[in-house]
Amino acid sequence: MVKALVATSATQGFRDSDYHWCVEGELVWIAPTCVKDRDDPDGGCGCGRGFAGLSSHRATTTAMVSTLHGISRDDYVMVLRSSVEEQGYDLADVTGLADSLLDLVADLPEGAVLEHRLDYVQVRQGVP
């Protein structure tokens, strides 16, 4: 069992630039930021503030910490590798990426909603 990030519509609208095009509950990752958003998380693309869906290949600005029962670390690495390759990314260290994503949420509580702003990932504060 692992704790990972899944797409959520929870807290959507907290920021004017929020969007949610993922499938609710699908696994997400943080894809590399494009040139348009490199210096501005609210840039024209949206990738500087989004989490990318592993199944839908769509994105959302909110992700929730969720415990995935019946899924091992190796399963998670396999799913991440498959999605990243399908999307055309050539990442040399998918296992390291998976471990960093798992480490990111390891100590966070179940159900915490996170946002991504360029190099920062944080729990949304001040959300009802």
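Along each chain, residue indices are assigned from 1 in the same order as the chain's sequence is written. pLDDT decides what is reported in this predicted model: residues at 70 or higher carry local features, side-chain atom pairs at 80 or more are listed and counted, and totals for whole chains, interfaces and linings draw on all residues regardless. As a convention, hydrogens and water are excluded, and side-chain values are obtained from all of the structure's heavy atoms.

A. Region of the structure containing the overall build of the protein. Strands here mean DSSP runs of E at least two residues long; helices mean DSSP runs of H or I at least four residues long; both are numbered from the N terminus. A count of helices and strands for the protein gives two helices and seven strands. Listing the helices and strands of the protein from first to last along the sequence gives β-β-β-β-β-α-α-β-β. Taken over C-alpha atoms, the radius of gyration comes to 14 Å for the protein, in line with the 14 Å a tight globule of 128 residues would show. With respect to the principal axes defined by its C-alpha atoms, the protein has extents near 35 × 35 × 25 Å. Radius of gyration here is computed from C-alpha atoms only, and the compact-globule reference equals 2.2 Å multiplied by the residue count raised to the power 0.38.

B. Molecular detail of the UniProt feature "domain: DUF7715" (unreviewed entry) in the protein. UniProt positions are given in the numbering used here, feature names are shortened, and annotations may be inferred rather than shown by experiment. Here the UniProt-annotated "domain: DUF7715" (unreviewed entry) positions come out as residues 2–125. Across residues 2–125, the secondary structure splits into 21% helix and 23% strand, with the terminal C-alpha atoms separated by 25 Å.

C. Main features of the packing of aromatic side chains. Stacked, tilted and edge-to-face are the three classes assigned to paired rings of Phe, Tyr and Trp, where Trp is represented by its six-membered ring and a pair needs centres within 6.5 Å; plane angles under 30 degrees give stacked, over 60 edge-to-face, the rest tilted. For the structure on display, the rule yields two aromatic pairs. Ring centres 5.2 Å apart and planes at 85° place the aromatic pair Trp-29 and Tyr-89 in the edge-to-face group. Pair noted here: Trp-29 is in strand S2 (residues 28–29) and Tyr-89 is in the loop between helix H1 (73–86) and helix H2 (94–105), with a separation of 60 residues, a long-range link. Relative accessible area decides the class of each residue, using a 1.4 Å probe on protein chains only: under 20% of the type maximum gives buried, over 50% gives exposed, and in between gives partly exposed. You can call Trp-29 buried: its relative accessible area is 1%.

D. Focus on the pattern of salt bridges. A side-chain nitrogen of Lys or Arg and a carboxyl oxygen of Asp or Glu constitute a salt bridge if their distance falls within 4 Å. Scanning the entire structure with this criterion turns up seven salt bridges. Glu-115 is the salt-bridge partner of Arg-124, the closest N and O atoms lying 2.9 Å from each other. Both residues of the pair, Arg-124 and Glu-115, belong to the buried class. Bridged by salt links that share partners, the residues Arg-15, Asp-18, Glu-115 and Arg-124 form one connected network.

E. Up close: the sheet that holds strand S5 (residues 63–68). When DSSP finds at least two bridges between two strands, those strands are taken to pair. Spatial ordering of the open sheet is given by S1-S5-S6-S7, a layout of four strands whose pairing is antiparallel. A single partner strand is all that each edge strand has here, and the edge strands are strand S1 (2–7) and strand S7 (120–123). If you compare each strand with its neighbour and ignore which way they point, the axes differ by 40° on average. Here six bridges tie S1 to S5, and the two strands are oriented antiparallel to one another. If you follow Val-2 over to S5, its bridge partner there is Leu-68. Lines fitted to C-alpha atoms define the axes here, with helix axes fitted over just the stretch in contact, and angles between the N-to-C directions of these axes take values from 0 to 180 degrees.

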